[in-house]
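Listed here are the chains, written in short residue letters.
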Amino acid sequence: MGGTVDGIGTVPTAGPDGLPVVPIEGRVSLRLLTKSEYRKSVEQLLGPIAAEPPIVDDSSVSGFYSVGAAQITVNEVAVETYEAASLQLVQEVFGDPQRRLALVGCDPLPALTDECTAGYIRNFGRRAFRRPLSEVDVQKWVGVAQAAAAVAADPVQALQAVTSGLLQSPHFLYRTEIALPDAMTGRVRFDGYSMASRLSFLLTGATPTDALLDLAATGQLDTPEGVRSAATGLLADPRTSDQLADFFLQLAGVELIEKKTKEVGAFPEFGPALAASMLEETRLWIRDIVLAPNADVRGFFDSTQTVVDAQIASLYGLPPPAGGFAPVQLAPESGRAGVFGKASFLAAHSAADSSSPTGRGHFIMEHFLCQTVPPPPPGIDTKLKEPPPGVKLTTRQRFEQHQAKPECAACHSLMDPYGLALEHFDPIGRYRADEFGVPIDATGTINGVAFDGGAELGAALREDKAALACMVSNFHRYANASAIVSDARDKELLGALGLTFAAGGYAWRSWLIEFIASDAFRAAPPNPPLQ
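Residues numbered from 1 in each chain as written. Predicted model: local features only at pLDDT ≥ 70, side-chain atom pairs only at ≥ 80, totals over all residues. Heavy atoms only, no water.

Engineer: Looking at this structure, how should I read the overall build of the protein chain?
Structural biologist: Each helix and strand in the protein chain was counted, giving 24 helices and ten strands. The globule rule puts the C-alpha radius of gyration for 531 residues at 24 Å, and the 26 Å found for the protein chain is close to it. By its C-alpha atoms, the protein chain is 85 × 50 × 50 Å across when sized along the principal axes. Relative to its 531 residues, the protein chain shows a buried fraction of 52%. Residue pairs in contact within the protein chain that sit at least 24 positions apart in sequence constitute 69% of those at least 6 positions apart. When the accessible surface of the protein chain is split by element, carbon and sulfur atoms take 57% of a total near 22800 Å². Side chains of the protein chain give 43 positive and 61 negative charges; the mean places of these two sets differ by 2 Å. (Helix = DSSP H or I, 4+ residues; strand = E, 2+ residues; numbered from the N terminus. Rg over C-alpha atoms; globule rule 2.2 N^0.38 Å. Buried < 20%, exposed > 50% of the residue type's maximum accessible area, 1.4 Å probe, protein only. Contact = heavy atoms within 4.5 Å. Areas by Shrake-Rupley, 256 points an atom, 1.4 Å probe, with all protein chains shown as cover. Lys, Arg positive; Asp, Glu negative; His and termini not counted. Charge placed at Lys NZ, Arg CZ, Asp CG, Glu CD.)

Right under this line is the structure:
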């Protein structure tokens, strides 16, 4: 009844006592660890790591790495990469006698028949696999250690090899989540150990601690109250602030800035250093301002606060801070507010040599309003006509060509106004009042609400019910690694959570606990029966 993980391992289907934990009506879902989850998890298991382990890149699907991780498979090249990474990691730890002893907790006997070996495998395996190993599995890994000792003639090297093997196992590399049938709802509900993983990865980005696994073992993660209590405790963890920002960074697509290039002649200041500052500004702004305790998360759209370092200050026309990043209040005349005023967003969603209103507008429609934009009809030439020699047209004038083609106008009349609202900002997010001497026209409407510029667009989205519902829906996708809202029950749950969101003054941290304790996170639609 267990599933196979790409031919490199099997899904656990038995508990510590050997009894099945997944009846045939249940569900097993697999999700590969993202790069960030892998790094944070090995550091939690092994301690601080000096060198970044070389593993496969993340794949973004529907805007989120978690969705991509639920769809990706581990091929032969990736297996070799994870092997190399695990060998590098354990060599660093076992090469230091003090770190090795702190990890293992004892010195094994040469024959590896003592409790030191079995106890270490049992304890480390539980932490790495995020659920207890059966005694059969413990003895299998003891056998692996003994075989390694026979070759190396060194029990410490044997434990090093076992540790590397555990970190290469699909039970570590994949988040295995088991859900059992719930007769009351007709859905499936995640078991306690799965909830420990879901809680920990969502809120801290790392594998669950022993304390969280202990809560799972005693059944305290089987109820909404227990989950709510655990989530409240995790939100007090300092790691949570950085992890909470991850959703909003991916929602805004700002990490694309790391792979962007700009036309060197027009934007010589743009490069990896400036891109890194742009991304860090946005991360710190989200972490410390948008997601501050009791803050109204709608500031994501219209906050006039930010943080700047010397590079960002220069780009924004502000005096440089004394050092590092410092908070600033943006003036109304800056035209900057919320995510649409962030250079990271503006540069990530523009072309190398142009502001790309269609690109920016398309992104806003799909990611902030959850509206699907169909591709151009087959055979349509999407290139804009170049103006006659000697004639300079503003970006808005050029993009208004779309309106002249009926087959193009239907979509571009929806997308382009959002992008044109950001025309005061060039491809690297620098403010401009005019283009070719012509004052920028950044006007438009959203659901009948007029706006002029990115700040007013953000203010409109702050009050737009569709935008706020889209934020809730996107978080459901991110948290559950699902490209779509799965069924009618999920839609019903998200509707109720939207009302809770509004009633709580849009305080993200408080709402997050309610989301986690609800069936939108604790349960899922049933899959077809496992074979």
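Engineer: What should I look at first to understand the state of the cysteines in this one?
Structural biologist: By definition, a disulfide links the sulfur atoms of two cysteine residues through a covalent bond. A complete count under the given rule lists two disulfides for this structure. The disulfide that involves Cys106 links it to Cys116, with 2.0 Å between the sulfurs. Residues Cys106 and Cys116 are joined by a disulfide whose S-S torsion is about 95 degrees; by sign, that bridge is right-handed. One end of the pair, Cys106, is in the loop between α4 (97-104) and α5 (115-129); the other, Cys116, is in helix α5, with ten residues separating them in the sequence. You can call Cys106 partly exposed: its relative accessible area is 23%. What makes Cys116 buried here is its relative accessible area of 9%. Two residues, Cys370 and Cys470, share a disulfide whose sulfurs are 2.0 Å apart. Disulfide Cys370-Cys470: torsion about the S-S bond near 85 degrees, hence right-handed. (Disulfide = S-S within 2.5 Å.)

Engineer: Before we go on, may I ask you to explain the layout of surface pockets in this structure?
Structural biologist: Once rolled over the atoms, a probe with the size of a water molecule shows which space is left empty. Volume-wise, the largest pocket comes out at about 1200 Å³. In terms of lining, the largest pocket is formed by 38 residues, of which the most central are Asp58, Tyr65, Asp246, Gln250 and Glu255. Secondary-structure elements contributing two or more residues to the lining of the largest pocket are α1 (35-46), α2 (65-69), α9 (192-204), α12 (239-252), α13 (272-290), α17 (357-368) and α21 (465-480). (1 Å grid on protein atoms, 1.4 Å probe; cavity = no way out; pocket = protein on both sides within 12 Å on 5 of 7 lines; lining within 4 Å. Points joined across faces, edges and corners; volume = space filled by probe spheres on them.)

Engineer: Is there a simple way to explain the nonpolar core in this structure?
Structural biologist: Burial of nonpolar side chains together is a common tendency in soluble globular proteins. Residues Leu199, Phe300, Phe368 and Trp508 are the most contacted members of the largest nonpolar core, which totals 94 residues. When near neighbours in sequence (up to four residues on either side) are disregarded, Phe300 contacts Phe248, Leu251, Ala252, Trp285, Ile286, Val290, Gly338, Val339, Phe368 and Met471. With 41 residues, the next largest nonpolar core counts Tyr38, Leu45, Tyr174 and Phe201 among its residues. (Core = buried A, V, L, I, M, F, W, Y, C linked by side-chain atoms within 4.5 Å.)

Engineer: Even after reading the chapter, I still don't get the sheet that holds strand β1 (residues 27-32), so can you show me in this structure?
Structural biologist: Through backbone hydrogen bonds, the strands of a sheet pair up, either in parallel or in antiparallel fashion. Spatially, four strands are ordered β1-β2-β3-β10 in an open sheet, and the strand pairing comes out antiparallel. Each edge of the open sheet is held by one strand with a lone partner, namely β1 and β10 (523-524). One ladder, built from six bridges, connects β1 with strand β2 (residues 174-182); its direction is antiparallel. Across the sheet, the residue bridging to Ser29 is Glu177, located in β2. (Pairing = 2+ DSSP bridges.)

Engineer: Would you take a moment to explain the packing of aromatic side chains for this structure?
Structural biologist: Each aromatic ring pair is summarised here by two numbers: the centre-to-centre distance and the angle between the ring planes. In the structure shown here, the tally under the stated rule is 31 aromatic pairs. An angle of 70 degrees between the planes, with centres 5.4 Å apart, marks the rings of Phe300 and Phe301 as edge-to-face. Each of the two residues, Phe300 as well as Phe301, counts as buried. Plain terms: the ring middles of Phe301 and Phe368 are 5.9 Å apart, the flat faces sit at 85 degrees to each other, and that makes the pair edge-to-face. Placement of Phe301 in helix α14 (residues 299-302) and of Phe368 in helix α17 is noted, with a sequence separation of 67 residues between them. Grouping residues by exposure puts Phe301 and Phe368 together as buried. Its end group placed over the ring of Phe521, Arg198 keeps NZ or CZ at 4.3 Å from the ring centre. The residue whose ring lies beneath Arg336 is Tyr316, and the NZ or CZ to ring-centre distance is 3.7 Å. (Phe/Tyr/Trp six-rings, centres within 6.5 Å; stacked < 30°, edge-to-face > 60°. Lys NZ or Arg CZ within 6 Å of the ring centre and 35° of its normal.)

Engineer: How should I be thinking about the side chain of Asp464 in this particular structure?
Structural biologist: Among the structural elements, Asp464 can be located in the loop between α20 (454-462) and α21. For Asp464, which is buried and forms no salt bridge, the nearest opposite charge comes from Lys465, at a distance of 9.7 Å. If near-sequence neighbours (up to four positions away) are discounted, Asp464 is found in contact with Leu369, Ile446 and Asn447. (Salt bridge = Lys/Arg side-chain N within 4 Å of Asp/Glu carboxyl O.)

Engineer: Hey, could you run me through the confidence of the model for the protein chain in this one?
Structural biologist: A low pLDDT means the predicted coordinates there should not be read in detail. Of all residues in the protein chain, 90% attain a pLDDT of 70 or more, and the chain-wide mean is 89. Residue range residues 1-24 is modelled with pLDDT below 50. Its contacts to residues more than four positions away, or to other chains, number 57 contacts. (pLDDT = per-residue confidence, 0-100.)

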